[in-house]
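Breakdown of the fold
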Amino acid sequence: MPVTDDVNYPAPGDCTVFISDNGIVIMIDTGKALSYSAIKAELNKNGITHINYFILTHYHVDHHGNISNLIRDGFFNENTIAYFPANKPKDTITNWGSQADINYMQSLFSTVRIIGASNNGISAGDITVVFFNYNWDSYRDSTNSETNDCNNYSICCYVTFGTTTILMTGDINPYVEQSLSNIGSIRQCDVLKVPHHA
């Protein structure tokens, strides 16, 4: 049940939800606050009362804007496991506010896992999610200006949902998108969520 970018600005941002065959709910991003009524309606329509796993692709408001709303309405609670990006480039601070704000956002969850080498993904019923992006530095020139762009540190997720494969790319830019396409295990997928900055 995706609620994704509109052609009209300001776009509501990204929010995608998967429900496994054993009832586990995985949410990738939350969209902007202005899209919350549509997101809540979809959750209610699908009988979702609790989100088991939450993945924030990167620290921009069109992807995390409904965290507080989802907590207020009980979709996120003490049992929700949240995944956050490990990298916090300069762009993050200018677009989100401060490191203190990022720390506060993470503090809202009882269980937070920072994406890194020890966090390879999620397995829930007929859904697996594999993370591909915890550090793009090995793929990129550290002197490149895109190194400081928060979009390029998006958590990219390769989702297997039953027999369907889906590549969720956050908001990576073309430079990193090319790097992603060079990773052999994810060259093929049935569904591609195109990053709106690429």
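A brief structural summary. (Residues numbered from 1 in each chain as written. Predicted model: local features only at pLDDT ≥ 70, side-chain atom pairs only at ≥ 80, totals over all residues. Heavy atoms only, no water.)

Re the overall build of the protein chain
Formally: Runs of E in the DSSP output that reach at least two residues are strands. Runs of H or I that reach at least four are helices, and both are numbered from the N terminus. Categorising residues by exposure relies on relative accessible area from a 1.4 Å probe, with only protein chains included: less than 20% of the type maximum marks a residue as buried, more than 50% marks it as exposed, and the intermediate range marks it as partly exposed. Residue contacts are counted whenever heavy atoms from the two residues lie within 4.5 Å of one another. Only the protein chains shown count as cover for residues, with accessible areas throughout obtained via the Shrake-Rupley method and a probe of 1.4 Å.
Across its full length, the protein chain carries 6 helices and 10 strands. Relative to its 198 residues, the protein chain shows a buried fraction of 50%. Pairs at least 24 apart in sequence give 66% of the contacts found in the protein chain among residues at least 6 apart. Surface summary for the protein chain: the accessible area is close to 9000 Å², and the carbon and sulfur share equals 49%.

Some remarks on the sheet that holds strand β5 (residues 111–114)
Inclusion rule: At least two bridges found by DSSP between two strands is the condition for calling them paired. Axis angles are defined between N-to-C directions and span 0 to 180 degrees, where every axis is a line fitted to C-alpha atoms and, for a helix, only to the segment in contact.
Read from one edge of the open sheet, 5 strands run β1-β2-β3-β4-β5, paired in mixed fashion. Strands at the two margins of the open sheet, each flanked by one partner only, are β1 (16–19) and β5. Between one strand axis and the next, the sheet turns by 20° as a mean value, whatever way the strands run. In the sheet, strand β4 (residues 81–84) pairs with β5 via 4 bridges, with the strands oriented parallel. Within the sheet, the bridge partner assigned to Y83 lies in β5 and is R113.

Describing the pattern of salt bridges
The condition that has to hold: Criterion for a salt bridge: a side-chain nitrogen of Lys or Arg within 4 Å of a carboxyl oxygen of Asp or Glu.
Summed over all chains, the structure comprises 5 salt bridges. Between E42 and K45 there is a salt bridge, with the nearest N and O atoms lying 3.2 Å from each other. Here E42 pairs with K45, and both are found in helix α1 (residues 36–45), just 3 residues apart, close to one helical turn. Measuring nitrogen to oxygen at the nearest pair gives 3.1 Å for the salt bridge that ties R72 to D73. Several salt bridges share partner residues, and in doing so they unite D14, D171 and K193 into one network.

Observations regarding the packing of aromatic side chains
Put simply, the rule is: Each Phe, Tyr or Trp ring (for Trp, its six-membered ring) is paired with any other whose centre lies within 6.5 Å, and the angle between the two planes then decides the class: stacked below 30 degrees, edge-to-face above 60, tilted in between.
Inspection of every chain in the model, using the stated rule, returns 8 aromatic pairs. With centroids separated by 6.3 Å and ring planes inclined at 85°, the aromatic side chains of F54 and F84 adopt a geometry described as edge-to-face. A residue pair is termed long-range when its members are at least 10 positions apart, and F54 in strand β3 (residues 53–55) and F84 in strand β4 qualify at 30 residues. Across this residue pair, the class does not change: F54 and F84 are buried. An angle of 20° between the planes, with centres 5.8 Å apart, marks the rings of F54 and F109 as stacked.

Focus: the environment of N120
Turning to its location among the elements, N120 is positioned in the loop between β5 and β6 (121–124). A C-alpha to C-alpha distance of 5.9 Å links N120 and V130, two positions 10 residues apart in sequence. In this structure N120 touches V129, V130 and F131, once residues within four positions along its chain are discounted.

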